[in-house]
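# Structure assessment
Chain by chain, the residues:
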Amino acid sequence: MSKTIELGVQGMTCASCVGRVERGLKKMDGVLDATVNLATERATVTYDPATTTPPDLLARVRDIGYDPVSAELDLSVQGMTCANCVGRVERALNKQDGVLSASVNLATERATVTYLPAQVSPGQLKAAVRAAGYDVREDQPGLSREQQERQAREQEVQALRRQVQFSAVFAVPLLLLAMVPMVVPGLEARLMDAFGHRVMTALNWVMLALALPIQFGPGRRFYRLGRKSLRSGSPDMNALVMIGTTAAFAYSLVATVLPGLFPAGTAHVYYEASGVVITLILLGKYFEAVAKGRSSEAMKSLLSLQAKAARVLRGGQELDLPADEVLVGDLISVRPGEKIPVDGEVTQGASFVDESMITGEPVPVRKQVGAAVVGGTINQNGALTFRATRVGAETALAQIIRLVETAQGSKPPIQGLADRVVAVFVPIVLGVAALTFLLWLVLGGPASLSYALVTTVAVLIIACPCAMGLATPTSVMVGTGKAAELGVLFKSGGALEGLQAVQVVALDKTGTLTKGHPELTDLLTAPGVDRVRTLALVAAAETQSEHPVARAIVDAARRDGIALPEPTSVEAVPGFGLDAQVDGHRVQVGADRFMRQLGVDVTAFEAQAARLGDEGKSPLYAALDGQLAAVIAVADPIKDGSVEAVRALRAMGLTVAMITGDHARTAHAIARQVGIDEVRAEVLPSGKSDAVQALQAGGQKVAFVGDGINDAPALAQADVGVAIGTGTDVAVETADVILMSGDLRGVTNAFALSRATLRNIRLNLFWAFAYNVVLIPVAAGALYPAFGTLLSPVLAAAAMGFSSVFVLTNALRLRGFRPPVPVQPVAAPAAQLA
């Protein structure tokens, strides 16, 4: 049975391109025919769905060298109540021709659809959701998506509150009328003696009057959604509640209106099993909606960081404009205490800026001319003028929000287990309920019909799979939000789950373990030689060089406030060093081989030079007027916190390795200082991914932490790639996890949070499954032979609501997560995410 789809293909320029795409598609197994139109840039493909799939066709077009066109649509879906609803919406979307994938999240109430715009339109996708029995919230002009969602959630909470209050007005007296005669010993017998059956008949009619407004007032929501789910062949929580409460209400109605149809003494009513159950379920849904709102607090706090206005300097005037009207290149003025509206580069002024809301670092960062500033951070004590470099959706904060939203809406692999169980769970529950009814009807004795009704309703109510649907997404939602507060961005739920399974952490050296730029670490002078004067002469000689080592020496002198004289001549000796005239002195700086060439004896400093080399530093010598004056050491210093981070990772039971292109001696020296056992040194940039692959041999899960362009292949090869956010855009784009701070201690916190979130998810799933496994038999009457008691449908409804609230409350515990190793401030710019 073949299918035909249309693919958008970009990049074709001539008839040769058309032929190439056609031939490439026709060569695929399962493709029956393919025609390509250059004018419309579309390929029409007839294929066998049993052999190939649309994603395979897109991958083929990409392999041929052209860009297949796909799009992503984010829908806000209303009316979902349990995991079965999620599955139903996903199936409805995936059935549409042209849909490549559909993922629905119950906690965020959003559906993310990847589709072929040439084959299916957004309108058709929305219609598919509505046909499945759910509503799609349309965008409202003038309101952002976040504002619309907040408004919709508030409306939902208010509507549920009103329904609960309305139901409670009738449910409370209903419960009292039903339970008091049973709780007070002899009360029912005394009423019968005093008034006969008339009092019980009157009570039945009163309870009917109380149950009726609940059943067909707030209870209508279960009929509306339950009927749709049954018609679609995918019954959900609403169907279970609808069937259970209707059975109890209908049975009670017949017993009230036509009591003669029942054997004497068996015409009992169970109005509380319908009215009170509906009230308790609505109460559970209300608590659930409130808790869902709390679970998105991290996202709300991120959104609140966005500035609303900016003071823009245009044409010599200072204009107050909405932040979304700022253009790249605009000059923006920010006063003390104000929020920086967009990303930019300081052109005038100096101040300290609080970047804690972006990086998680508590200490303000100094900003002066040339420094980068990030939108959403707060200027503290000085006036700044900066030039906008990124605005709107391109700012770091906007991209952080987008990443967190994506992660919160994604499904980790562990969700697959819940999805597979839920797919068959409700049909099995309906089967168990039917079997329970039949067994009690046959074996229940004189009151068999009453027993059958009570147990069946209890089974249907207690088995609602609400907790299963909320178990994973709520934990992911809270966990990723908390991570963002700590300066850790997980790009997906898969990355969140994958990190906790890692056994080996491989660290890049330069820029990750170390600061990434050399610094002068030691200057040891010969006896009688002045250190300050020597540093001034050597640094002056090095001012003409752009070599990193030269820059390190010059920067050290300037940091110490040393005035540098102008060199009169500088001659570079390639591979050896330099020879200069400075302030009447001949200054020669270089390696030991340069000194030997000059005939300068370095024996006096041999021991110190060997020690410096063992510490991973590069020793150089300085001679003044032909006499050995000093030994100088330059090194890429270890970042603050690297030693603590490695120690913490090892304490977690992880193996820590280092992969670097540096000389083996330097690499091992750094490894000794930070406590790393396994070192792979002298690795070419192209070989880093091979080094990661070697660590993965034997099935070990490896996380690679890096920051440079040459780290991108290794980040992609690793099971989980972790990018230092202060690094390059390429590294950030390739990674699965991004550390907004340059502090390596953030890796430790990412691991700890990943483990805490997965523990939370496992506890939620255990509770959701165990609750049903244990209580469904109890609801079916498993305790009756031993104890003579049946589970009331009212208690079943309370237990069902409690299970959902438990799962949500357990997920919210992640908001209290405390990082095991607090991240300290580092002198680095905020993350560049664009």
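Model, not experiment: these values are computed from the prediction. (Residues numbered from 1 in each chain as written. Predicted model: local features only at pLDDT ≥ 70, side-chain atom pairs only at ≥ 80, totals over all residues. Heavy atoms only, no water.)

### A closer look at the overall build of the chain
Note the threshold: Each helix is a run of H or I in the DSSP string that is no shorter than four residues. Each strand is a run of E no shorter than two, and both are numbered from the N terminus. To sort residues, take the accessible area from a 1.4 Å probe on protein chains only and compare it with the maximum for the residue type: under 20% means buried, over 50% means exposed, and anything in between is partly exposed. Residue contacts follow a heavy-atom distance rule, with two residues in contact if any of their heavy atoms lie within 4.5 Å.
On a plain count of helices and strands, the chain comes out with 30 helices and 30 strands. Within the chain, the fraction of its 834 residues that count as buried is 52%. Partitioning the contacts of the chain with sequence separation of at least 6, the portion at a separation of at least 24 is 69%.

### A few points about the pattern of salt bridges
Pairing between side chains of opposite charge can happen when their charged atoms approach one another. Applicable threshold: We define a salt bridge as a contact between a side-chain nitrogen of Lys or Arg and a carboxyl oxygen of Asp or Glu at a distance within 4 Å.
Scanning the entire structure with this criterion turns up 18 salt bridges. For lysine 482, the salt bridge is made with glutamate 485, and the minimal N-O distance between the two is 3.4 Å. With a gap of 3 residues between them, lysine 482 and glutamate 485 both fall in helix α16 (residues 466-485), about one helical turn apart. A relative accessible area of 39% means that glutamate 485 is categorised as partly exposed.

### Quick word on the sheet that holds strand β14 (residues 365-367)
To keep it simple, the criterion reads: Two strands qualify as a pair provided DSSP detects at least 2 bridges between them.
Across the sheet, which stays open at both edges, the 3 strands sit in the order β14-β13-β16 with antiparallel pairing between neighbours. Of all the strands in the sheet, just β14 and β16 (378-379) have a single pairing partner and so form its edges. Summarising the sheet, strand β13 (residues 351-354) and β14 pair through 3 bridges and their orientation is antiparallel. Bridge assignment links phenylalanine 352 to a residue of β14, and that residue is arginine 366.

### Brief notes about the pairing of strand β11 (residues 331-334)
Inspection of the sheet shows strand β9 (residues 309-314) paired to β11 by 3 bridges, in the antiparallel sense. Each residue of the ladder has a partner; that of arginine 311, found in β11, is serine 333. Note that β11 and strand β17 (residues 384-390) share 4 bridges and pair antiparallel. Each bridged residue has a counterpart across the sheet, and for valine 334 the counterpart in β17 is leucine 384.

### As for helix α17 (residues 493-500)
Cut-off, in case you're wondering: Whenever two N or O atoms come within 3.5 Å, that pair is a polar contact, provided that in protein one can donate a hydrogen and the other can accept it, and provided that, for residues adjacent in sequence, both atoms are side-chain atoms.
Burial of α17 is extensive: 6 of the 8 residues sit out of reach of the surface. Buried residues of α17: Gly493, Ala495, Leu496, Glu497, Leu499 and Gln500, and no others. Its side-chain oxygen placed 3.3 Å from the backbone nitrogen of glycine 494, serine 492 serves as the N-cap of α17.

### What about the pairing of strand β10 (residues 317-322)?
In the sheet, β9 pairs with β10 via 6 bridges, with the strands oriented antiparallel. Across the sheet, leucine 313 pairs through a bridge with glutamate 318, a residue of β10. Counted between consecutive antiparallel strands, the loop separating β9 from β10 contains 2 residues, among which glycine 315 sits at a positive phi close to 55 degrees.

### Section: α16
Formally: For a helix, the expected span equals 1.5 Å multiplied by the number of residues minus one. Here the bend at a residue means the angle between the axes of two seven-residue stretches, the one that ends at it and the one that starts at it.
Compared with an ideal rise of 1.5 Å per residue, which puts 20 residues at 28 Å, α16 spans 29 Å between its outermost C-alpha atoms and is within 8% of the ideal. A maximum bend of about 25 degrees is found in α16 at threonine 472, where proline proline 473 lies one to four positions downstream. Of all 20 residues in α16, 19 are buried, a share of seventy percent or more. Following α16 by one or two positions, glycine 487 has its phi on the positive side, about 85 degrees.

### Section: unusual backbone geometry
The phi angle at aspartate 583 is positive, at roughly 50 degrees, despite the residue not being glycine. On the accessibility criterion, aspartate 583 (43% relative accessible area) is partly exposed. A positive phi angle, close to 55 degrees, is found at aspartate 625, a residue other than glycine. Relative to the assigned elements, aspartate 625 resides in the loop between β24 (618-624) and β25 (627-635). A relative accessible area of 43% means that aspartate 625 is categorised as partly exposed.

### Digging into the environment of valine 805
By the secondary structure assignment, valine 805 is in helix α30 (residues 793-812). Spatially, the C-alpha atoms of valine 805 and cysteine 466 are 9.7 Å apart, while their sequence positions differ by 339 residues. Once residues lying within four places of it in the same chain are set aside, the contact partners of valine 805 are Gly284 and Phe287.

### Details of the environment of serine 689
Among the structural elements, serine 689 can be located in helix α25 (residues 688-696). According to the relative accessible area criterion, serine 689 is buried, its value standing at 15%. For the pair serine 689 and phenylalanine 704, spaced 15 residues apart in the sequence, the C-alpha separation amounts to 9.5 Å.

### Brief notes about the UniProt feature "transmembrane region" (unreviewed entry) in the chain
The condition is simple: UniProt positions are given in the numbering used here, feature names are shortened, and annotations may be inferred rather than shown by experiment.
Using the residue numbers shown here, the UniProt feature "transmembrane region" (unreviewed entry) corresponds to residues 168-187, 199-218, 239-262, 268-287, 421-443, 449-472, 765-784 and 790-808. Taken end to end, residues 765-784 comprises 80% helix and 0% strand; its first and last C-alpha atoms sit 29 Å apart.

### A closer look at the side chain of threonine 385
Tracing the chain through its elements places threonine 385 in strand β17. Other than its neighbours up to four places away in sequence, threonine 385 contacts Leu313, Leu331, Ile332, Val346, Thr347 and Gln348.

### Some points on the sheet that holds strand β6 (residues 99-105)
Either a parallel or an antiparallel arrangement is found when strands of a sheet pair, and the pairing is made through backbone hydrogen bonds. Put simply, the rule is: Between the N-to-C directions of two axes lies an angle of 0 to 180 degrees, each axis being a line fitted to C-alpha atoms and, for a helix, fitted only over the stretch in contact.
Sheet architecture is open: 4 strands sit in the order β6-β7-β5-β8, paired in antiparallel fashion. Each end of this open sheet is capped by a strand with a single partner; those strands are β6 and β8 (135-136). The pairing of strand β5 (residues 71-78) with β8 spans 2 bridges and is antiparallel. Pairing of valine 77 across the sheet is with valine 136, part of β8. Running over the sheet, helix α4 (residues 122-131) touches β5, β6, β7 (110-115) and β8 and is turned about 30 degrees from β5.

### Examining the packing of aromatic side chains
Which entries qualify depends on this criterion: Think of it this way: a Phe, Tyr or Trp ring, Trp meaning its six-membered ring, pairs with another when their centres are within 6.5 Å, and the plane angle makes it stacked under 30 degrees, edge-to-face over 60, tilted otherwise. Here, over-ring charges are defined by two tests on the NZ atom of lysine or the CZ atom of arginine: distance to the ring centre within 6 Å, and angle to the ring normal within 35 degrees.
Enumeration according to the criterion identifies 12 aromatic pairs in this entry. Between the aromatic rings of tyrosine 451 and tyrosine 784, the centroid separation amounts to 5.6 Å while the plane-to-plane angle is 55 degrees, which identifies the pairing as tilted. In this pair, tyrosine 451 sits in helix α15 (residues 448-462) while tyrosine 784 sits in helix α29 (residues 784-787), placing the two residues 333 residues apart along the sequence. By relative accessible area, which is 26% here, tyrosine 451 ends up partly exposed. Between phenylalanine 802 and phenylalanine 806 the ring centres are 6.3 Å apart and the planes differ by 45 degrees, which places this aromatic pair in the tilted class. Here the residue phenylalanine 802 and the residue phenylalanine 806 both occupy positions in helix α30, the gap between them amounting to 4 residues, near one helical turn. Through successive ring pairs, a cluster of aromatic residues spans Phe216, Tyr223, Phe249 and Tyr271. Over the ring of phenylalanine 222 we find arginine 221; its NZ or CZ atom is 5.9 Å from the centre of that ring. Taking the ring centre of phenylalanine 576 as reference, the NZ or CZ of arginine 593 above it sits at 5.7 Å.

### Here we look at the nonpolar core
To keep it simple, the criterion reads: Side-chain atoms within 4.5 Å link the members of a nonpolar core, which is a set of buried Ala, Val, Leu, Ile, Met, Phe, Trp, Tyr and Cys residues.
Ranked by internal contacts, the top residues of the largest apolar core, which has 131 residues, are Met80, Phe490, Leu507, Ile676 and Phe751. With 14 residues, the single largest contributor to this core is helix α28 (residues 745-779). When residues no more than four places from it in sequence are discounted, the contact partners of isoleucine 676 are Leu507, Leu513, Val646, Val656, Ala657, Met658 and Ala671. Of all hydrophobic cores here, the second largest spans 26 residues; its members include Ala536, Ala580, Ala630 and Ile632.

### Observations concerning a nonpolar patch on the surface
As a reminder, the rule being used: Residues enter a patch when their relative accessible area is above 30% and they make no salt bridge; the linking distance is 9 Å between like charges and 5 Å between nonpolar side chains (Val, Leu, Ile, Met, Phe, Trp, Tyr). Per-residue accessibility takes into account occlusion by the displayed protein chains alone, with areas from the Shrake-Rupley method and a 1.4 Å probe.
On the surface, Leu435, Leu439, Leu441, Val442, Leu443 and Leu449 cluster together into a nonpolar patch covering about 580 Å² of accessible area. The element best represented in the nonpolar patch is helix α14 (residues 415-443), accounting for 5 residues. Note on placement: leucine 449 falls in helix α15.

### A few points about the confidence of the model for the chain
The line we're drawing: Per residue, pLDDT measures the predictor's confidence, with a range of 0 to 100.
For the chain, mean pLDDT is 82; residues scoring 70 or higher make up 88% of the total. Throughout residues 825-834 the model reports pLDDT below 50, and contacts reaching past four residues in sequence, or to other chains, amount to 33 contacts.

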